[in-house]
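Descriptive structure summary
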Amino acid sequence: MNALRRHRALSRIWASEPGFRGWFSTVNHTDLGRMFLVTAFFFFVVSGLLAMLIRAQLATPHSAFAGPEIYNQIFTMHGTIMMFLFAIPTFEGLAVYLLPKMLGTRDLAFPRLTAYGYWCYAFGGTMLLVSMLLGIAPDSGWFMYPPLSGAIHSPGINTDFWLIGITFVEISAIAAAVEITVSILKFRAPGMSLDRMPIFAWYALVTALMILTGFPPLILGSVLLEVERAFGLPFFQAELGGDSLLWQHLFWLFGHPEVYIIFLPAAGVISTVLPVMCRTALLGYGWIVAAAVALAFLSFGLWVHHMFTTGIPHMGLAFFSAASTLVAVPTSVQIFAWIGTMWRGRPELHMPMLHIIGFFVTFVIGGLTGVMVAMVPFDWQVHDTAFVTAHLHYVLFGGFVFPVLAGIYYWLPHVTGRKRFFRLGEFAFVLVFTGFHVTFLAMHWVGLLGQRRRIPTYAPEDGWTAINLVSSVGSFVLAIGLAMVLLDIILNSVTAVRGRRDPWKAGTLEWAMMVPPPPYNFASLPQVTDREPLARDPDLALRLARGEGYLDSPRQGCRETLTVDVASGRPDFHVTYPSNTRLPIVMSAVTGLFFLSLLLKLYWLTPLALAGVAALACRWVWALGRRDDLPAQDVGHGLELPPAAATDRGPGWWGSVFLLTANATFFGSLLFGFAFLWTVAPGWPPPAWFTPSGLEVGIGLAGAATGPLAMRVAIRAVRRDANVLAALGLSFAAACAIGIACAAMMLRAPDPDGHAYGATLTVLGAYGLVHAVLAALMIAVLTAKVRGGLTSARRRADFPVAGLWIDYLAATATLILLAAHLPGFLP
Amino acid sequence: MGTTTLVTLAGCEGALSVVDPAGPAAREIATLWWVLLAGATLIFALVMVLTALPFLRRDGPGSERHGIRTWVIGLGLAFPMAVLAALLAYGLVIGERLLPRAGDEVVEVAATGSRDGWLFTYPDAADRTTSAVLHIPAGRPVDVVITTGDVIHAFWVPRLAGKLDAIPGHVNILRIEADAPGTYRGLSAEFSGAGYGDLTFTVTAHDAAGWTAFLAGEPE
């Protein structure tokens, strides 16, 4: 088979449906990455326009441009959209588009999940846009502090749009994070050991793990606040045993890691692009990986620096102040490693390099003001002033927007296959750079002169008029610059000047393919021997196209790739991907119906939507089943690999491990909340304690002991092709027993809408119940698969997946039941 | 009066200016700010020079090991650790000094935030309540006991001290002090919904005689 015929055969197998219909059924990572990025930039424009309205309002004193009600919506939506609908999805889009190409494989681990995540993002974002168009957008500031955001002080639907819409969007962040983690660990080219991974993949891995552990506290907070608003269970009301500080802890436990979740992928772009612009290799690869990991750990230990003015004892603040300054160390390791890289090479001033310089100047200032606000006494003065607003824009614009623009100019030839023809970019950069610094340098100063953030207007005698006008003029220069960047990108995407393959002479694998990329990425998969395969072998792309790598012969019309051992990169299993399907968009639409029913309080619709999601999920797992055993597959170079279904550790198992990691963080945050309210909140002890019941605990713990055991018996039996139905039946009964114990506890919780104690017990019980139902459902589907002949010793990968969920259920239910009943048994 | 001139020249003056302090706490923090600004400017200049030089020089690359020793370990690790340790110690010492500690001179007042405005009461004059104006003696440390009647607010008089939140169900105590008699503007500094922009108050600092007269119930 020659290269052209191989290209045609693979394109037939991997192509999306033609035209716009393809958008709705595609599961291809290149398509979805582009869709993520275009949507994210649409939201960037929307939110940028909101920023312009803010600056127009503040340009002059006593401005009557927008009244406070509208102005509060504008700044709340500006922050919310930038954080949740621009920054995170941009990372997702970059990672989804780039990772399989950089890692030398054909798609991400779970193609349908990528599509599901995208549609949850698109629908959730649309919900928030609609609220804005109707003038009922969230208006309590992007961090939504109760009691202001509670039912008493914000009775309208505005806050519900935020809590429900953002939670819907977060599904896409969690989905993408699971996807990215498993893809990086398992879906790489043969021979790509962890230390040969492109540096961007390391950053993406760290970021994805941070999303899995950083977002659940926010999701928990949103759930609790929405439950309080909708059903009156008090978690944040001080007079009913709640505490508004709990929200601040949960929010910033998410909110600070979030800053690094935004910065790390951008740093990954710098670490990838900068060495290419300097014609050298990155200085200190290992040190940079270590710095990124250190940043991730440290970033979870400094959320309290957003709460320096809440009255926490000074010694407590000292600890978080130290952690906040310490985080500057791994950051500076990266900065100086990059500067050292520039010293080792010969930097050339191409477009990406201009934006990298913009990054250096801006981000270093942002980092230095960050150290300033980490000083507790200084923060007491500038907290909640324009100084902090200026600082965070230096960090986020410098640490995210400039690197992303560098990345766009760097990878644009890859996406479009074209060469830059119009030269607007250089001029646009000057406007963006100048406009940004004029706007936000001024804002530091006016903050020191006492201007609070979020005020709708001010008086001439405050003495801020001239500075604000300068700042507003700067912001319009910035906006014109960004509009020109957009124009530059669009013009250069549509002008037909074909570009070369690998125009930058880069060494990473994403350039070892034709541009724009074919839907299958690589006609055959490379054997990787070092970090920059293309630098060692400039003809690699041609050799792969000629079929000199793995999986060179397309067969059976199926989308194939292989997985590797996590550490060594040795190939271990053969994987067949699902093809184009509308299942993801339908499922996310039904998921949206669930959220909509909560938003509009159409509670009769909620169970119907949930049943719909469950039915579609069953179809989802059913669709990949086979009725016959696949033999080991010849992948070329004399290597035969068993199918991934014939293992206990398939992609589904890995995905569940990381999804459960996020879930465990959610549960851990819930337990933290319980302990926090118990020990810190005013209004404790509660008027009535929970009455413990030996019977309920007995039933629950018996289920928790039996379920995992029965599942282990089933996993062993299926390996021998023995009968598994009895063991599955027993574990189903165990899940039901746990469900009954949790439901009883939930129903007997004392006075759930009268005190936070009963409210928290209700939520804990509901958590156990939901997981029991989920586990029972999984076992039921597994049983149906067994009866339908879809399982065997060589098609057994679903068993360990269900086993994980049962283990998780048993562990959490034990903790829940003990937390509720044990205090009552103690003297 | 050299400082005053400098402050005027730099445009620091203002009724709400953090860098135009009128009390010991605000002065300590203003000094901290100038130290931080000077240090940050030096470090920024250093990094910018290091970033610019590679565009000008044209000698060959050094070894990887040498590069890591200089850039990663020297400038990346050791340099920030030394600077940050010193800063942290300085910040903590100032923070400790600003805490409310018991003393004979200390006066206590109470501030209650609400979306309708601030209310102030005085344990030393049980029947006095003032709204939107807080009375304190000048030249004596004052502990403000901060609570709220509805949502979260923050009590902030920029020229006297930093801010502290008023949180439902919690009581926070902020130490402020004015050097001299006069009026100082104060702000509610945590977003509290519509009307937030207008949530302001003033602090009137009396001389000793004026304070005695205020406590005795003379009209303001």
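All figures in this text were calculated on a predicted structure; none of them were measured in a lab. (Residues numbered from 1 in each chain as written. Chains lettered and ligands numbered in written order. Predicted model: local features only at pLDDT ≥ 70, side-chain atom pairs only at ≥ 80, totals over all residues. Heavy atoms only, no water.)

**Some thoughts on the domain arrangement of chain B**
Residues and elements named next belong to chain B. Heads up, the rule is: Domain segmentation is taken from an automatic or database assignment of domains. The contact criterion used is simple: two residues touch if any of their non-hydrogen atoms lie within 4.5 Å. In short, buried area is how much 1.4 Å probe accessible area vanishes from two parts on joining, totalled over both. For this analysis, a salt bridge means a side-chain nitrogen from Lys or Arg found within 4 Å of a carboxyl oxygen belonging to Asp or Glu. Within 3.5 Å is the distance limit for a polar contact, defined as a pair of N or O atoms, with the added protein rule that one can donate a hydrogen and the other accept it, and that residues adjacent in sequence qualify only through two side-chain atoms.
Partitioning chain B into structural domains gives domain 1 (17–97) and domain 2 (107–215). Between domain 1 and domain 2, the C-alpha centre-to-centre distance is 36 Å. Listed by partner, the interface residues are eleven residues for domain 1 and ten residues for domain 2. Together domain 1 and domain 2 conceal approximately 760 Å² of surface at their shared face, both sides included; 51% is due to carbon and sulfur atoms. Summed over the shared surface of domain 1 and domain 2, the result is two salt bridges. When the shortest N-O distance is used, the salt bridge between Arg27 and Asp179 registers 2.1 Å. The interface formed by domain 1 and domain 2 includes six residue pairs in polar contact (both at pLDDT 80 or more).

**Focus on a nonpolar patch on the surface**
Applied cut-off: The patches described consist of residues with a relative accessible area above 30% and no salt bridge, like charges being joined within 9 Å and nonpolar side chains (Val, Leu, Ile, Met, Phe, Trp, Tyr) within 5 Å. Each accessible area value is a Shrake-Rupley result obtained with a 1.4 Å probe; residue values ignore everything except the protein chains displayed when judging cover. Segments assigned H or I by DSSP are reported as helices when at least four residues long, segments assigned E as strands when at least two residues long, and all are numbered from the N terminus.
On the surface, Leu593(A), Leu596(A), Leu600(A), Leu602(A), Trp604(A) and Leu608(A) cluster together to form a nonpolar patch covering roughly 570 Å² of accessible area. Relative to the helices and strands, Leu600(A) resides in the loop between α19 (583–599) and α20 (605–622).

**A word on the domain arrangement of chain A**
Residues and elements named next belong to chain A. Rule in force here: Three categories are distinguished: nonpolar for Ala, Val, Leu, Ile, Met, Phe, Trp, Tyr, Cys and Pro, charged for Asp, Glu, Lys and Arg, and polar for the others, with Gly belonging to the last.
Each assigned domain of chain A is listed here: domain 1 (3–11 + 29–494) and domain 2 (653–825). The C-alpha centroid of domain 2 is placed 36 Å from the C-alpha centroid of domain 1. The interface of domain 1 with domain 2 comprises 29 residues on the first partner and 28 residues on the second. Summed over both partners, the interface of domain 1 with domain 2 buries about 2,200 Å², with 82% contributed by carbon and sulfur atoms. Looking at the side of domain 1 facing domain 2, the largest losses of area belong to Leu220, Gly241 and Leu246, adding up to 20% of the total buried there. Run the count over domain 1 and domain 2 and you get zero salt bridges. On the surface where domain 1 and domain 2 come into contact, there are two residue pairs in polar contact (both at pLDDT 80 or more). Those elements that place two or more of their residues in the side of domain 1 that touches domain 2 are α6 (158–186), α7 (199–231) and α8 (244–277). In terms of residues, the side of domain 1 that touches domain 2 owes the most to one element, α7, which gives nine residues. Classifying every residue of the side of domain 1 that touches domain 2 gives 21 nonpolar, six polar and two charged.

**A word on the nonpolar core**
Defined as follows: For this analysis, a nonpolar core means a set of buried residues of the types Ala, Val, Leu, Ile, Met, Phe, Trp, Tyr and Cys, connected via side-chain atoms within 4.5 Å. Accessible area is worked out with a 1.4 Å probe on protein chains only. A residue is then buried under 20% of its type maximum, exposed over 50%, and partly exposed in between.
Judged by nonpolar contacts, the single largest core of 317 residues is most densely connected at Leu99(A), Trp338(A), Phe378(A), Phe155(B) and Ile176(B). Element by element, the count of residues in this core is highest for α8(A), at 22 residues. Judged by nonpolar contacts, the second largest core, of 24 residues, contains Ile738(A), Ile779(A), Phe799(A) and Ala802(A).

**A closer look at helix α4 (residues 68–102) of chain A**
Residues spaced three or four apart along an α-helix point in a common direction, a consequence of the helix completing one turn every 3.6 residues. All names here are of chain A. Put simply, the rule reads: A helix is expected to span 1.5 Å multiplied by its residue count minus one. A residue's bend is the angle separating two fitted axes: one through the seven residues that end there, the other through the seven that start there.
Compared with an ideal rise of 1.5 Å per residue, which puts 35 residues at 51 Å, α4 spans 48 Å between its outermost C-alpha atoms and is within 8% of the ideal. Where α4 bends most, the angle comes to about 35°, and this point is Ile81. Looking one or two residues past α4, Gly104 carries a phi angle of roughly 75°, positive in sign.

**Considering the pattern of salt bridges**
Residues and elements named next belong to chain A. All told, the structure shown has 26 salt bridges over all chains when counted by the stated rule. Of the charged contacts in the structure, one is a salt bridge between Asp648 and Arg719, with a shortest N-O distance of 2.8 Å. Highlighted residues: Asp648 in the loop between β4 (639–641) and α21 (651–680) and Arg719 in helix α22 (residues 694–719), separated in sequence by 71 residues. For Arg719, a relative accessible area of 43% gives the class partly exposed. Here Asp648 and Arg796 are joined by a salt bridge, their closest N and O atoms 2.7 Å apart. Of this pair, Asp648 sits in the loop between β4 and α21 while Arg796 sits in the loop between α24 (756–787) and α25 (798–825), and the two are 148 residues apart along the sequence. For Asp648, a relative accessible area of 14% puts it in the buried group. Of the residues examined, Arg796 reaches a relative accessible area of 14% and is grouped as buried. Connected via shared salt-bridge partners are Asp537, Arg543, Arg546 and Glu548.

**Describing the interface of chain B and chain A**
Between chain B and chain A, the contact holds 79 residues from the first and 76 residues from the second. Of the roughly 6,700 Å² buried between chain B and chain A, counting both surfaces, carbon and sulfur atoms make up 73%. Per-residue buried area on chain B facing chain A is highest for Phe55(B), Trp71(B) and Phe191(B); these three make up 11% of the total on that side. Counting the contacts that link chain B with chain A gives one salt bridge. Close ionic contact of Asp462(A) with Arg185(B) constitutes a salt bridge, the shortest N to O distance being 2.9 Å.

**Describing the packing of helix α14 (residues 386–416) of chain A against helix α15 (residues 425–448) of chain A**
Residue and element names in this part refer to chain A. Put simply, the test is: Only the stretch in contact is used when fitting a helix axis, every axis being a line fitted to C-alpha atoms; angles between N-to-C directions are given from 0 to 180 degrees. Roughly parallel means an angle under 35 degrees; roughly antiparallel, over 145; roughly perpendicular, 65 to 115; everything else is oblique. Crossings are assigned a handedness: left-handed for a near helix turned anticlockwise from the far helix by less than a right angle, right-handed for a clockwise turn.
Orientation of α14 relative to α15, taken along the N-to-C sense of each, is 165°, at an axis distance of 8 Å. Between α14 and α15, the angle falls in the class roughly antiparallel. When you trace α14 past α15, the crossing you get is left-handed. Residues belonging to the contact of α14 with α15 are distributed by class as follows: 16 nonpolar, seven polar and no charged.

**Section: empty space enclosed by the protein**
All names here are of chain A. Applicable threshold: Only protein atoms enter the calculation, which uses a 1 Å grid: trapped sets of points that fit a 1.4 Å probe without letting it out are cavities, open sets showing protein on both sides within 12 Å along at least five of seven lines are pockets, and any residue with an atom within 4 Å of a point is a lining residue. Grid points are joined across faces, edges and corners, and a volume is the space filled by probe spheres set on the points.
In this structure the tally under the stated criterion is four cavities of 30 Å³ or more. Its volume calculated, the largest cavity comes out at about 50 Å³. In terms of lining, the largest cavity is formed by Leu10, Trp14, Arg106, Ala523, Leu551, Asp552, Ser553, Pro554, Cys558 and Glu560.

**Topic: α8(A)**
Residue and element names in this part refer to chain A. Counted at 1.5 Å a residue, the expected span for α8 with its 34 residues is 50 Å, and the 49 Å between its end C-alpha atoms agrees. Counting buried residues along α8, 34 of its 34 residues qualify, which places the element largely inside the surrounding structure. Its side-chain oxygen placed 3.0 Å from the backbone nitrogen of Leu245, Asp243 serves as the N-cap of α8. Arg279 sits one or two residues past α8 and shows a positive phi near 55°.

**Details of the pairing of strand β5 (residues 142–148) of chain B**
Residue and element names in this part refer to chain B. Heads up, the condition is: Here, strands pair whenever DSSP counts at least two bridges between them.
Most of β5 sits out of view: six of its seven residues are buried. Examined bridge by bridge, β5 and strand β8 (residues 172–176) share five bridges and lie antiparallel to one another. Paired with Asp143 across the strands is Arg175, a residue of β8.

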